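Chains, contacts and geometry: an overview
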Amino acid sequence: MASHDAPLRPMPFLPVMVAVVLVVLLGGGAAMWLLGVWSPPPQAALAAERFRLDRIKTALTVAAGLAAGVTLLMTLRRQALSERAQRFAESDALEQRTTTLYVAAAGQLGSDKAAVRLAGLYALERLGQDNPKLRQTVVDVWCAYLRMPYIPPVEVLRGNLKQPPEHPSDDTEVPDAKAEAERREELQVRLTAQRLLAAHLRRTQTDTDETAYWIDARGNRMTIDLVGAVLVKLSLTSCEIEQGDLSGAQFHGDADLSGAQFHGNADLGGAQFHGDAYLSDAQFHGNADLGGAQFHGDADLGGAQFHGDAYLRGAQLHGDADLGGAQFHGDANLSDAQFHGDAYLSEVQLHGDAYLSEVQFHGDADLGGAQFHGDANLVAAQFHGDAYLRGAQFHGDAGLREAQFGHGVDLSEARAMPAAELPSGWVLSSSTPGAELLREVIRAKDHEGASPAGQRKTAAHGAGAPADAT
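How each quantity is defined
- Residues numbered from 1 in each chain as written.
- Predicted model: local features only at pLDDT ≥ 70, side-chain atom pairs only at ≥ 80, totals over all residues.
- Heavy atoms only, no water.
- Helix = DSSP H or I, 4+ residues; strand = E, 2+ residues; numbered from the N terminus.
- Expected span 1.5 Å × (residues − 1).
- Buried < 20%, exposed > 50% of the residue type's maximum accessible area, 1.4 Å probe, protein only.
- Salt bridge = Lys/Arg side-chain N within 4 Å of Asp/Glu carboxyl O.
- Contact = heavy atoms within 4.5 Å.
- pLDDT = per-residue confidence, 0-100.
- Pairing = 2+ DSSP bridges.
- 1 Å grid on protein atoms, 1.4 Å probe; cavity = no way out; pocket = protein on both sides within 12 Å on 5 of 7 lines; lining within 4 Å.
- Points joined across faces, edges and corners; volume = space filled by probe spheres on them.
- Nonpolar A, V, L, I, M, F, W, Y, C, P; charged D, E, K, R; others polar.
- Polar contact = N/O pair within 3.5 Å; in protein donor to acceptor, adjacent residues only side chain to side chain.
- Phe/Tyr/Trp six-rings, centres within 6.5 Å; stacked < 30°, edge-to-face > 60°.
- Axes fitted to C-alpha atoms, helices over the stretch in contact; angles between N-to-C directions.
- Left-handed = near helix turned anticlockwise from the far one by under 90°.

**A short note on helix 4 (residues 135-147)**
Helical geometry note: an α-helix holds 3.6 residues per turn, so side chains three or four residues apart project in the same direction. Compared with an ideal rise of 1.5 Å per residue, which puts 13 residues at 18 Å, helix 4 spans 18 Å between its outermost C-alpha atoms and is within 8% of the ideal. All of the buried residues in helix 4 are Arg135, Gln136, Val138, Val139, Val141, Trp142, Cys143, Tyr145 and Leu146.

Have a look at this one:
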């Protein structure tokens with residue numbers, strides 16, 4: 001709390017009275033000593049009479065000085081109280097003015113005119129720049145505005161890669177020209193709100209304005225709440241966010257969150273990405289929830305880092321999915337996820353346990369060079385296209401029981417611990433004698449009467465140590 005914000009307090013009674021009594025006693029004692037009350041009678045009356053007048057003068061001077069000191073002390077105290085009262089009044093007036101401006105700016109967002117709403121957004125931005133204590137409040141207002149119900153213009157909806165049933169198709173006529181015009185005007189307001197939000201969440205090394213990247217008065221990063229928000233062409237590239245809740249949000253057009261950093265938890269569960277989604281090199285320092293998210297376009301998570309647990313259970317990826325080089329430092333749950341396009345998980349690093357049970361890869365699945373440092377659960381996973389596991393490393397328990405491979409499987413240089421649970425027709429054979437307890441090469445069982453799919457698996461291995469025949 002600043003000194004001018006501290007509450008004014010009256011001078012305490014007891015300390016003041018003690019100080020006054022001490023001044024009186026000390027002053028009286030000094031005067032009596034100077035007057036010679038405690039001094040022995042002088043030997044010579046003439047000498048005593050000569051110094052008495054001097055002592056009286058000195059005593060009066062000391063008393064006057066003490067009185068002046070007390071008066072000066074009280075004057076200084078009154079002056080300090082007056083100055084603090086003035087500063088308090090000025091601070092209170094500034095707070096009232098700020099509150100008035102905030103209420104006026106927030107009220108502009110409720111106007112039926114787009115220009116007035118735009119003015120309200122910029123007025124809130126100025127308040128946030130000048131008042132760090134209000135920055136999180138301004139961000140909350142922007143997010144609340146974006147959470148308001150909204151239907152984008154028809155041309156935006158037609159640009160979606162996959163249209164929900166309630167959205168118009170290409171041959172649908174515009175129902176109301178006036179309503180469409182209002183939607184286009186509102187779209188400009190919402191795009192401005194998104195740009196302002198991103199501008200103050202993005203930290204760049206070339207920024208010369210210290211207020212460009214917002215932190216509050218206590219040095220905390222901003223938190224965003226966009227639950228169920230309707231967002232069009234959202235770009236949060238390289239933004240730094242404390243916590244972000246975008247669960248159930250509707251992303252129309254491409255959504256770019258590449259390089260974004262979520263220092264707390266990030267919730268995108270149930271979000272709908274109607275265009276392509278870019279989350280490459282994004283960093284999730286807390287837990288990341290993308291469970292049930294719908295990616296209707298391509299999903300780029302290449303090089304993303306998940307420092308907490310990553311939850312993608314039941315996610316639907318209708319386009320191609322790129323998780324190449326992604327790092328999962330916590331547990332990764334992709335159970336029941338559906339990869340309808342090609343899935344690239346090459347060189348992915350899974351340091352915690354990996355749950356991919358009943359995951360379905362409808363296109364080709366590339367897990368080449370993937371590192372499973374914890375336990376890997378791929379029980380009942382389904383690979384409908386080609387599966388590339390060349391060089392994959394299973395350092396923990398590998399559960400591949402009941403996994404189904406519909407096409408060719410490339411298992412060259414793939415390694416797993418001896419405790420691996422393999423699909424029917426697969427066995428482990430050592431590539432290096434004496435290294436059986438460390439890791440083994442996964443081989444398909446080659447025997448008479450093998451199915452064509454089994455023959456394709458065997459052919460995909462290439463040269464190497466032969467598979468066990470038992």
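**Section: the pattern of salt bridges**
Within this structure, the stated rule accounts for 13 salt bridges. Between Asp410 and Arg390 there is a salt bridge, with the nearest N and O atoms lying 3.9 Å from each other. Of this pair, Asp410 sits in strand 34 (residues 409-410) while Arg390 sits in the loop between strand 30 (387-388) and strand 31 (393-394), and the two are 20 residues apart along the sequence. With relative accessibility at 16%, the residue Asp410 sits in the buried group.

**Focus: the side chain of Gln338**
Looking at the secondary structure, you find Gln338 in strand 21 (residues 338-339). What makes Gln338 buried here is its relative accessible area of 15%. Sequence-distant contacts of Gln338, defined by excluding residues within four places in its chain, comprise Ala315, Gln316, Leu317, Gln360 and His362.

**Focus: the side chain of Asn333**
One can find Asn333 in strand 20 (residues 332-333). By relative accessible area, Asn333 is classed as buried at 17%. When residues no more than four places from it in sequence are discounted, the contact partners of Asn333 are Ala310, Tyr311, Leu312, Arg313 and Tyr355.

**A few points about the confidence of the model for the protein chain**
As a general rule, the predicted coordinates of low-pLDDT regions are not to be interpreted in detail. Taken as a whole, the protein chain shows an average pLDDT of 81; of its residues, 73% reach a score of 70 or greater. Low pLDDT (under 50) marks residues 432-439, which in the prediction has nine contacts with non-local residues, meaning those over four places away or in another chain. The low-confidence segment residues 445-470, where pLDDT is below 50, has 39 contacts with residues more than four positions distant or belonging to other chains.

**Concerning the sheet that holds strand 25 (residues 360-361)**
Taken in spatial order, the nine strands of this open sheet run 2-5-9-13-17-21-25-29-33, and their pairing is parallel. Each edge of the sheet is formed by a strand with only one pairing partner; in this case those strands are strand 2 (230-232) and strand 33 (404-405). Two elements, strand 17 (residues 316-317) and strand 21, share two bridges in a ladder whose sense is parallel. When the sheet's bridge partners are listed, Gln316 is paired in strand 21 with Gln338.

**Things to note about empty space enclosed by the protein**
Counted under the stated rule, the structure contains one cavity of 30 Å³ or more. Looking at the largest cavity, its volume works out to about 60 Å³. Looking at the largest cavity, the residues that line it are Leu323, Phe328, Leu334, Leu345, Val348, Leu350, Leu356, Leu367 and Phe372. Broken down by class, the residue content of the lining of the largest cavity amounts to nine nonpolar, no polar and no charged.

**So, unusual backbone geometry**
In the Ramachandran plot, Lys233 falls in the positive-phi region, its phi being about 50° despite a non-glycine side chain. Inspection of the secondary structure puts Lys233 in the loop between strand 2 and strand 3 (240-241). Residue class for Lys233 comes out exposed when judged on its relative accessible area of 62%.

**Points about the environment of Ser258**
Considering the arrangement of structural elements, one finds Ser258 in the loop between strand 6 (255-256) and strand 7 (261-262). Along the chain, Ser258 and Thr237 lie 21 residues apart, while their C-alpha atoms are 5.0 Å from each other. Leaving out residues up to four positions away in the same chain, Ser258 has contacts with Thr237, Ser238, Tyr278, Leu279 and Ser280. At 2.7 Å, the side chain of Ser258 and the side chain of Asp256 are in polar contact.

**A closer look at helix 3 (residues 114-130)**
Look at helix 3: 25 Å from first C-alpha to last across 17 residues, which is about the 24 Å you get at 1.5 Å a residue. For helix 3, every residue scored as buried is listed here: Ala114, Arg117, Gly120, Leu121, Ala123, Leu124, Glu125, Leu127 and Gly128.

**Quick word on the packing of aromatic side chains**
On inspection of all chains with the given rule, the structure shows 10 aromatic pairs. When the ring of Phe306 is compared with that of Phe328, the centres are 4.7 Å apart and the planes differ by 5°; the resulting orientation is stacked. Of this pair, Phe306 sits in strand 15 (residues 305-306) while Phe328 sits in strand 19 (residues 327-328), placing them 22 residues apart in sequence. Just as Phe306 is buried, Phe328 falls in that class too. Residues Phe372 and Phe394 carry aromatic rings whose centres are separated by 4.7 Å and whose planes lie at 5° to one another, so their mutual orientation is stacked. Of this pair, Phe372 sits in strand 27 (residues 371-372) while Phe394 sits in strand 31, and the two are 22 residues apart along the sequence. Of the two residues, Phe372 and Phe394, both sit in the buried class. An aromatic cluster is defined as three or more aromatic residues linked by ring pairs; in this entry it consists of Phe262, Phe284, Phe306 and Phe328.

**Some remarks on the packing of helix 4 against helix 6 (residues 177-199)**
In contact at an axis separation of 10 Å, helix 4 and helix 6 are set at 145° when each is read in the N-to-C sense. The handedness of the crossing between helix 4 and helix 6 comes out as left-handed. Note on element contacts: helix 6 touches helix 4 through Glu186, Val189, Arg190, Ala193, Gln194, Leu196 and Leu197, opposite Val139, Trp142, Cys143, Tyr145, Leu146 and Arg147. Class assignment for the residues of the contact of helix 4 with helix 6 results in nine nonpolar, one polar and three charged.

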